[in-house]
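# Remarks on the overall topology
Next come the chains, spelled out residue by residue.
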Amino acid sequence: MSELPQNASAGTPFPRTEDEDARLMLRVAAGDARAMRPLVEKWQKPLINFFCRSVNSVHTAEDLAQTTFVKIYRAAGTYEAKAKFSSWLFLVARSVLISNFRKESLRPADATDPAELRAVSEEDDALRLRDLEAAFAVAVKSLPENHRTAILLLRQQEFSYEEIAVAMGASLQTVKTWIFRARRELREKLADFLEK
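Under an unreviewed UniProt entry, the name given to the chain is RNA polymerase sigma factor, and the organism recorded is Candidatus Spyradosoma merdigallinarum. What UniProt states about the chain under its Sequence similarities (unreviewed entry) heading is, verbatim, "Belongs to the sigma-70 factor family. ECF subfamily."

And the structure:
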């Protein structure tokens, strides 16, 4: 019989929680590998979008998302449902992203295909909107990593400031500062483009 997660009592194998994802992750931690599938299905696209804004390559973003799922599966035994599952997931994703940046900084720079510079958008038909997407992607990529991650979690994943603080392992005040600075920098970088 598999051992129960640390936060599970003998009477209830999985604690009552509003977070269905946390319950699924606790099942994975208890040895139910099938519980991983709904997590991947739900979070694959949000993770790819998160990574795509930072690496500007759909292929690399897909690889990083896959790496994140492998890491959370391997770390399932250490998972505790103390915070929302999504906060823990993006904490792991941020770690994967930072590792990727470190690895990439050791490689010589290569030419980037311009087609990969814009994020995937299902309804993006207008040329101006595509140009704005491309300009935004370049502007976001140029932000310091903490600012970029904080603003993407806020806007793209719709995390609260408190959830971002948990996901990034930072204080609430630090997160507020990062987001304020990210917004200011993005306004400055996109000012000329937006005035057209």
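We now examine the nonpolar core. Ranked by size, the top nonpolar core spans 49 residues in total, and within it Phe-51, Phe-85, Phe-90 and Ile-164 carry the most contacts. Contributing elements (two or more residues each) for this core: α1 (20-29), α2 (36-55), α3 (58-74), α4 (85-105), α5 (127-142), α6 (145-155), α7 (161-168) and α8 (172-195). Per element, the largest residue contribution to this core is nine residues, and it comes from α2. Here Phe-85 is in contact with Asp-19, Asp-21, Ala-22, Met-25, Leu-39, Trp-43, Ile-72 and Tyr-79, once residues within four sequence places are set aside.

Within the element layout of this structure, Ser-54 appears in helix α2. Here Arg-148 takes part through its side chain, which lies 3.2 Å from a polar atom of the side chain of Ser-54. Excluding residues that lie within four positions of it along the chain, Ser-54 makes contacts with Leu-97, Phe-101, Lys-141, Arg-148 and Leu-152.

Let's shift gears to the environment of Val-40. Residue placement: Val-40 occurs in helix α2. Measuring from C-alpha to C-alpha, the distance between Val-40 and Gln-66 comes to 9.0 Å, with 26 residues separating the pair along the chain.

Here we take up the pattern of salt bridges. Throughout the structure, instances matching the rule amount to seven salt bridges. Between Asp-32 and Arg-34 there is a salt bridge, with its nearest N and O atoms 3.5 Å apart. Assessed through its relative accessible area of 17%, Asp-32 is described here as buried. Arg-34 sits in the exposed class, given a relative accessible area of 69%. Glu-41 is the partner of Arg-37 in a salt bridge, and the nearest nitrogen-oxygen pair spans 2.9 Å. Within this pair, Arg-37 and its partner Glu-41 are both found in helix α2, separated by four residues, close to a single helical turn. For the pair formed by Arg-37 and Glu-41, the shared burial category is exposed.

This part covers the environment of Asp-19. By secondary structure assignment, the location of Asp-19 is in the segment before α1. Given the relative accessible area of 14%, Asp-19 is considered buried. Those residues within four positions of Asp-19 in sequence are excluded, and the remaining contacts are Lys-84 and Phe-85.

Applying the stated criterion to the full structure yields eight aromatic pairs. Where Tyr-79 meets Phe-85, the ring centres are 6.2 Å apart and the plane angle is 70°; that geometry is what we call edge-to-face. Ring geometry for Phe-90 against Phe-159: centres 5.3 Å apart, planes inclined by 90°, an arrangement best described as edge-to-face. Taken together, the residues span a long stretch of sequence, with Phe-90 in helix α4 and Phe-159 in the loop between α6 and α7 at a distance of 69 residues. Across this residue pair, the class does not change: Phe-90 and Phe-159 are buried. Members of the aromatic cluster, each reached through a chain of ring pairs, are Trp-43, Phe-50, Phe-51, Tyr-79, Phe-85, Trp-88, Phe-90 and Phe-159.

Further remarks concern the packing of α2 against α6. In helix packing, the relevant descriptors are the interaxial angle and the interaxial distance, both defined with respect to the helix axes. As a packed pair, α2 and α6 sit with axes 11 Å apart at the nearest point and diverge in direction by 145°. By crossing handedness, the relation of α2 to α6 is classed as right-handed. Residues Phe-50, Arg-53 and Ser-54 of α2 touch α6, and the partners they reach there are Arg-148, Thr-149, Leu-152 and Leu-153. For the contact of α2 with α6, the class distribution of residues is three nonpolar, two polar and two charged.

Cut-off values and rules
Residues numbered from 1 in each chain as written. Predicted model: local features only at pLDDT ≥ 70, side-chain atom pairs only at ≥ 80, totals over all residues. Heavy atoms only, no water. UniProt positions renumbered as here; feature names shortened; annotations may be inferred. Core = buried A, V, L, I, M, F, W, Y, C linked by side-chain atoms within 4.5 Å. Buried < 20%, exposed > 50% of the residue type's maximum accessible area, 1.4 Å probe, protein only. Helix = DSSP H or I, 4+ residues; strand = E, 2+ residues; numbered from the N terminus. Contact = heavy atoms within 4.5 Å. Polar contact = N/O pair within 3.5 Å; in protein donor to acceptor, adjacent residues only side chain to side chain. Salt bridge = Lys/Arg side-chain N within 4 Å of Asp/Glu carboxyl O. Phe/Tyr/Trp six-rings, centres within 6.5 Å; stacked < 30°, edge-to-face > 60°. Axes fitted to C-alpha atoms, helices over the stretch in contact; angles between N-to-C directions. Left-handed = near helix turned anticlockwise from the far one by under 90°. Nonpolar A, V, L, I, M, F, W, Y, C, P; charged D, E, K, R; others polar.

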